[in-house]
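Structural features, examined
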Amino acid sequence: MHAFDVLGDPVRRRILELLADGELSSGEVTAVIRDEYGISQPAVSQHLRVLRDNGFARVRAEGTRRLYAVEAAPLREVDMWLDRFRRFWEQRLDALATELARGRRERRIADGPVPGPGPEEDPGHEENR
């Protein structure tokens, strides 16, 4: 299965988001996914299996529990593939940052100078040392 086929499913993306915060038991994952998506434990198990079989998650046994964690390698491969396309949105994000800075600067100019603390209120001021 191609990485984007795996990541194209919103339930699997959500499971990866949960696992990104740290290792979770299959029961913990199931409880969250059942609450958010209303799907059964066997359906969640199937999603976990797809993630595991395609290398996006790893599992380890701890007694009777199965603990799942994110496997980073396939995500790095997706990131490398996306790298070719970053220039399309990075330029726009840079332009947005420029416009936001311009708006803040214009607002400061329109509002006038903001008075700072006077010498008696500023413990770092030379007169108060």
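You'll find the structure just up there.
In this text the structure is predicted, and so the values were computed from the model without any measurement. Position numbers for residues start from 1 in each chain and track the written sequence from start to end. Per-residue local features of the predicted model are confined to residues with pLDDT of at least 70, and side-chain atom pairs are confined, for both listing and counting, to 80 or more; whole-chain, interface and lining totals are unaffected and use all residues. Hydrogens and water molecules were not included; the side-chain quantities draw on all heavy atoms of the structure.

Some points on the sheet that holds strand β3 (residues 65–70)
The cut-off we apply is this: One requirement defines pairing of two strands: DSSP has to find at least two bridges between them. Secondary structure elements follow DSSP: runs of H or I of four or more residues count as helices, runs of E of two or more count as strands, with numbering from the N terminus.
Taken in spatial order, the 3 strands make up an open sheet running β1-β3-β2, and their pairing is antiparallel. Each end of this open sheet is capped by a strand with a single partner; those strands are β1 (24–25) and β2 (57–62). The pairing of β1 with β3 spans 2 bridges and is classified as antiparallel. Residue pairing for β3: Leu24 is matched across the bridge by Tyr68.

What to know about the nonpolar core
So the rule is basically this: For the purposes of this section, nonpolar cores are sets of buried Ala, Val, Leu, Ile, Met, Phe, Trp, Tyr and Cys residues that join through side-chain atoms within 4.5 Å. Burial classes follow relative accessibility: with a 1.4 Å probe on protein chains only, a residue under 20% of its type's maximum area counts as buried, one over 50% as exposed, and anything between as partly exposed. Only heavy atoms matter for contacts: two residues are in contact if any of them lie within 4.5 Å across the pair.
Residues Ile15, Leu19, Val29, Ile33, Leu51 and Phe56 are the most contacted members of the largest nonpolar core, which totals 19 residues. Contributing elements (two or more residues each) for this core: α1 (3–7), α2 (10–20), α3 (26–37), α4 (41–53) and β3. It is α2 that provides the largest number of residues to this core, a total of 5 residues. Those residues in contact with Leu19 that sit more than four places away from it in its chain are Leu24, Val29, Ala57, Tyr68, Ala69 and Val70.

Some remarks on α3
For clarity, the cut-off: Here the expected length of a helix is defined as 1.5 Å per residue gap, with one fewer gap than residues. It is the directions from the helix axis to the C-beta atoms that the arc portrays.
In this model α3 runs 16 Å from its N-terminal to its C-terminal C-alpha over 12 residues, within 8% of the 16 Å that 1.5 Å per residue would give. Within α3, burial applies to Val29, Thr30 and Ile33. Angularly, the buried residues of α3 cover 100° about the axis, an arc narrow enough to put them on a single face. Each element contacted by the buried residues of α3 is listed here: α2, β1 and α4.

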